[in-house]
Amino acid sequence: MKFLGIKIKLIKVISMKPIFLAIICDYLEEEWHSMNLCSQMLFKHLQTEHPKSIEAIQVLPQFKQRFQNIPKLGKKHVAFNADRFLNRFWYYPQYLKPKVKEFDFYHIADHSYAHLALVLPPEKTGVYCHDIDAFRSLIEPEQEPRPAWYQAMSRRILRGLQSCSLVFYSNQEIRKQIEHYQLVEPSRLVHAPLGVASEFSLIKYDHIDQTINHKINKKPFILHVGSCIPRKRIDVLLDVFAKIKNIHPELQLVKVSGEWTQNQKQQIQDLEISQSIIHLQGLERTTIASLYQQASAVLLTSEAEGFGLPIIEALACGAIVIASDLTVLREVGGKGVIYCPVNDILTWVETLTKVLSNPNFAPDQNLRLQQAQKYSWSNHAQIIAQSYLKLASKR
């Protein structure tokens, strides 16, 4: 094109606007701290590191109490579970339906909420699959028998997961399981490892230490961070602790998060270790970091894990970690962790005895720190951001 004798190139200017991404969060009332952390970290890093390309908004309706408001029934656990079911499968979908046109894309932060994808446009929806436990009753009914209503619920969640355009996962073991059971088409899978929050480091929190020291009396302790659900194998943890106390009577067990089950309470009573256990809940990350730093060892006795966040958090704090010898935990912990067979109480006790007698038995602290540094929430957010931007480019 010429104008006044001058040749001018026409440049096509494309106006780049950030895409609107809804991060669909778990109800806080359910107290799934790891799930809440994942959605919080994703939101934080998208906000601070990708503001020009993605405008992230956390979506979470108010949790409605219905059964818990019924006199006499309300204080029972069954009432809370009934409200959980009602909120997850009725109120949350109803809340999302009018919002279908408000966002460009939807990211379900917890796969156990994947049924919500059934009210969202599948081509615009992704989900993070942390593990396949929610589907065990369908893929391994003999190993995990469940009533018909539970299987129906699981099928709905699985249908939601399978409808999504993107399914994120944290490690290769989870991908193998997804592919083995043919839960999702491999082309939809995206590897997005979890990360370590900035609070978990070698930084000392002196004011926190005083509070903790008051509770633990400055005595040595081993630490477990996580829930008390069956796969965490708290029974192994308690048995190991009871035996190690015969060798180190001054040792304490600090348990962070989770509610003891009736069986676990009975085990504690039978083992006569209640006076040496400190159970802490609702802690801030700085407090948990301080506990990692002070612990003689951090134990993770699970028989199954989706990732094992406490491993990399503890390693980032310089802690010695002893974990179950699971493929997924070896992938996450690498050479920075000591591994023991899940049910081998004797090996756990022997290993812990060596660590307590000689901390140099554990992998070098620099190796532990280097392993933790492989994981970052910044990288996690970047992978997810790029995945949705790639979807947007295809529209």
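Before reading further, recall that the structure is shown in the block above.
A brief structural summary.

## Observations concerning the overall build of the chain
Phase 1 of the analysis: Looking only at helices and strands, one finds 14 helices and 14 strands in the chain.
Phase 2 of the analysis: Compactness check: the chain gives a C-alpha radius of gyration of 24 Å against a globular reference of 21 Å for 395 residues, within 12% of the reference.
Phase 3 of the analysis: Split into buried and exposed, the 395 residues of the chain put 53% on the buried side.
Phase 4 of the analysis: Summarising the internal contacts of the chain: among those between residues at least 6 apart in sequence, 69% fall at separations of at least 24.
Phase 5 of the analysis: For the chain, the accessible area works out to roughly 20000 Å², and carbon and sulfur atoms hold 52% of it.
Phase 6 of the analysis: For the chain, the centre of its 46 positive side-chain charges and the centre of its 37 negative side-chain charges are spaced 9 Å apart.

## Considering the sheet that holds strand S13 (residues 321-324)
Phase 1 of the analysis: The strand order across the open sheet built from six strands is S11-S10-S9-S12-S13-S14, with neighbouring strands paired in parallel fashion. A single partner strand is all that each edge strand has here, and the edge strands are strand S11 (277-280) and strand S14 (338-340). Neighbour to neighbour, the strand axes of the sheet diverge by 25° on average, direction disregarded.
Phase 2 of the analysis: Two strands pair when backbone bridges link them, and strand S9 (residues 221-225) and strand S10 (residues 252-256) are joined in this way by five bridges, in the parallel orientation. Bridged to Ile-222 within S10 is Leu-253.
Phase 3 of the analysis: Helix H12 (residues 345-357) contacts S9, strand S12 (297-300), S13 and S14 of the sheet and is inclined by roughly 170° relative to S13.

Thresholds applied
The numbering scheme is per chain: residues are counted from 1 as the chain's sequence reads. Confidence filtering applies because this is a predicted model: local features only for residues at pLDDT of at least 70, side-chain atom pairs given and counted only at 80 or more, and all residues used for totals across whole chains, interfaces and linings. The basis for every side-chain value is the complete set of heavy atoms in the structure, and neither hydrogens nor water enter the calculation. By the criteria applied, helices consist of DSSP H or I runs no shorter than four residues and strands consist of E runs no shorter than two, each listed in order from the N terminus. For the radius of gyration, the atoms used are the C-alpha atoms, and the globule rule reads 2.2 Å times the number of residues raised to 0.38. Working definition: with a 1.4 Å probe on protein chains only, accessible area under 20% of the residue-type maximum means buried, over 50% means exposed, and in between means partly exposed. Note on definitions: a residue-residue contact is assigned when non-hydrogen atoms from the two residues lie within 4.5 Å. Per-residue accessibility takes into account occlusion by the displayed protein chains alone, with areas from the Shrake-Rupley method and a 1.4 Å probe. As used throughout, the charge tally considers Lys and Arg to be positive and Asp and Glu to be negative, leaving His and the chain termini uncounted. Throughout, a charge is located at the NZ atom of Lys, the CZ atom of Arg, the CG atom of Asp or the CD atom of Glu. Pairing between strands is defined by DSSP: at least two bridges between the two strands are required. The convention used is that axes are lines fitted to C-alpha atoms, helices contributing only their stretch in contact, and that angles between N-to-C directions extend from 0 to 180 degrees.

Interpretation note: all reported values are geometric properties and have no functional meaning in isolation.
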